[in-house]
Amino acid sequence: MTTTIEKTSDYLTTDELKRLNRYFQKEQNYQMALLIEFGFRTLLRYSDISRFTWENVLNKDELVLNEKKTGKKRSIKVGAVLKSLLIEYYELLEQPNLDCTIFNYSLRHTNRLLQFGARFVGIRKKRVSTHSLRKSGARFLYDENHRSEDVFLKISMILNHSSTQVSRRYLGITKEEISDVYAGFDILL
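These numbers come from a predicted model, not from an experiment. (Residues numbered from 1 in each chain as written. Predicted model: local features only at pLDDT ≥ 70, side-chain atom pairs only at ≥ 80, totals over all residues. Heavy atoms only, no water.)

Visitor: So what exactly am I meant to see when it comes to the packing of aromatic side chains here?
Guide: Working definition: an aromatic ring pair is given by the centre-to-centre distance plus the angle between the planes. Tallied over the full model, the rule gives 10 aromatic pairs. Their ring planes at 55° and their centres at 6.4 Å tell us that Tyr23 and Phe116 sit as a pair that is tilted. Placement of the pair is Tyr23 in helix H1 (residues 14–26) and Phe116 in helix H6 (residues 107–120), with a sequence separation of 93 residues. Among the residues examined, Tyr23 registers a relative accessible area of 10% and is labelled buried. Taking relative accessible area as the criterion, Phe116 reaches 46% and is therefore assigned partly exposed. A centroid spacing of 5.6 Å and a plane angle of 50° characterise the contact between Phe38 and Phe103, whose relative ring orientation is tilted. (Phe/Tyr/Trp six-rings, centres within 6.5 Å; stacked < 30°, edge-to-face > 60°. Helix = DSSP H or I, 4+ residues; strand = E, 2+ residues; numbered from the N terminus. Buried < 20%, exposed > 50% of the residue type's maximum accessible area, 1.4 Å probe, protein only.)

Below, the structure written as structure tokens:
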């Protein structure tokens, strides 16, 4: 009998993301601090994030790209917070050329930095990678919108998953959470 080891990243809570972000700010690794914000707020894969230049994002209301994995065109609204953060980090990084990519670490190096930072701030029982940022953003939206089925379906569409079952697994929706729904029936008619 063979055992398969699931190699997937975990989502992080907003508290864990804040601690990780503060760690990179303290280390003056502003590229990594911005990556946490950008990945969380855009729900993009690192293969797409790493292609953006400053010119593509500064003072933009919308980001438009063709996703590398799916080839699908995607448009992302840039909220006021992300817009402000992009300007702030552009200044902290001493205004690099506009045609420079924002995130220029390799995927492997970026993941190693995230894992080291996570351990440093006490995140030990989670598998942390760039994909954790995308998952964390999706999970945050799901939870913030009271775990509504409507929002779940929209998140599934944004993530371009092949099925809602994939999205449920992706968001870490557990059997216990599904069972909790039945607690609503604990009333007398």
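Having seen the structure, we can now continue with the description.
Visitor: Please explain the nonpolar core as it appears in this structure.
Guide: As a rule of thumb, soluble globular proteins bury nonpolar side chains together. Residues Phe24 and Phe38 are the most contacted members of the largest nonpolar core, which totals 38 residues. Taken together, the elements giving at least two residues each to this core come down to H1, helix H2 (30–42), helix H3 (46–49), helix H4 (54–57), strand S1 (62–66), helix H5 (80–92) and H6. A total of eight residues in this core trace back to one element, the largest contributor, which is H2. Excluding anything up to four places from it in sequence, Phe38 contacts Ile49, Phe52, Val57, Leu63, Leu82, Leu86 and Phe103. Counting residues in each nonpolar core, the second largest holds 10 residues, with Leu43, Ala138, Tyr142 and Val151 among its members. (Core = buried A, V, L, I, M, F, W, Y, C linked by side-chain atoms within 4.5 Å. Contact = heavy atoms within 4.5 Å.)

Visitor: How should helix H8 (residues 149–158) be read in this particular structure?
Guide: Structural remark: α-helix, 3.6 residues per turn; residues separated by three or four positions point the same way. Taken together, the buried positions of H8 are Val151, Phe152, Ile155 and Ser156. Buried residues of H8 fall within an arc of 140° about the axis and therefore sit on the same side. Buried positions along H8 lie against helix H7 (130–144) and helix H9 (164–170). Asn160 sits one or two residues past H8 and shows a positive phi near 60°. (Arc of directions from axis to C-beta.)

Visitor: Hey, could you run me through the side chain of Thr130 in this one?
Guide: Along the chain, Thr130 turns up in helix H7. The buried category is assigned to Thr130, whose relative accessible area is 9%. Once residues within four sequence positions are removed from consideration, Thr130 is found in contact with Leu35, Tyr46, Leu107, Thr110, Asn111 and Leu114.

Visitor: What am I meant to see in the pairing of S1 here?
Guide: Both faces of the sheet carry side chains from a regular strand, because those side chains alternate between them. The side-chain alternation of S1 yields one buried face, formed by Leu63 and Leu65, and one unburied face, formed by Glu62, Val64 and Asn66. Bridge count between S1 and strand S2 (residues 73–77): five bridges; the pairing is antiparallel. Opposite Asn66, over in S2, you have Lys73 as the bridge partner. Adjacent in sequence and paired antiparallel, S1 and S2 are bridged by six residues, among which Gly71 carries a positive phi angle near 75°. (Pairing = 2+ DSSP bridges.)

Visitor: Help me out: how do you make sense of unusual backbone geometry in this one?
Guide: Outside of glycine, negative phi angles account for most residues, and trans bonds account for most peptide bonds. Phi is positive for Gln95, close to 50°, though the residue is something other than glycine. On the secondary structure map, Gln95 appears in the loop between H5 and H6. Non-glycine residue Asn160 carries a positive phi angle of around 60°. For Asn160, the location among the structural elements is in the loop between H8 and H9.

Remember, this is a structural readout, not a statement about activity or role.
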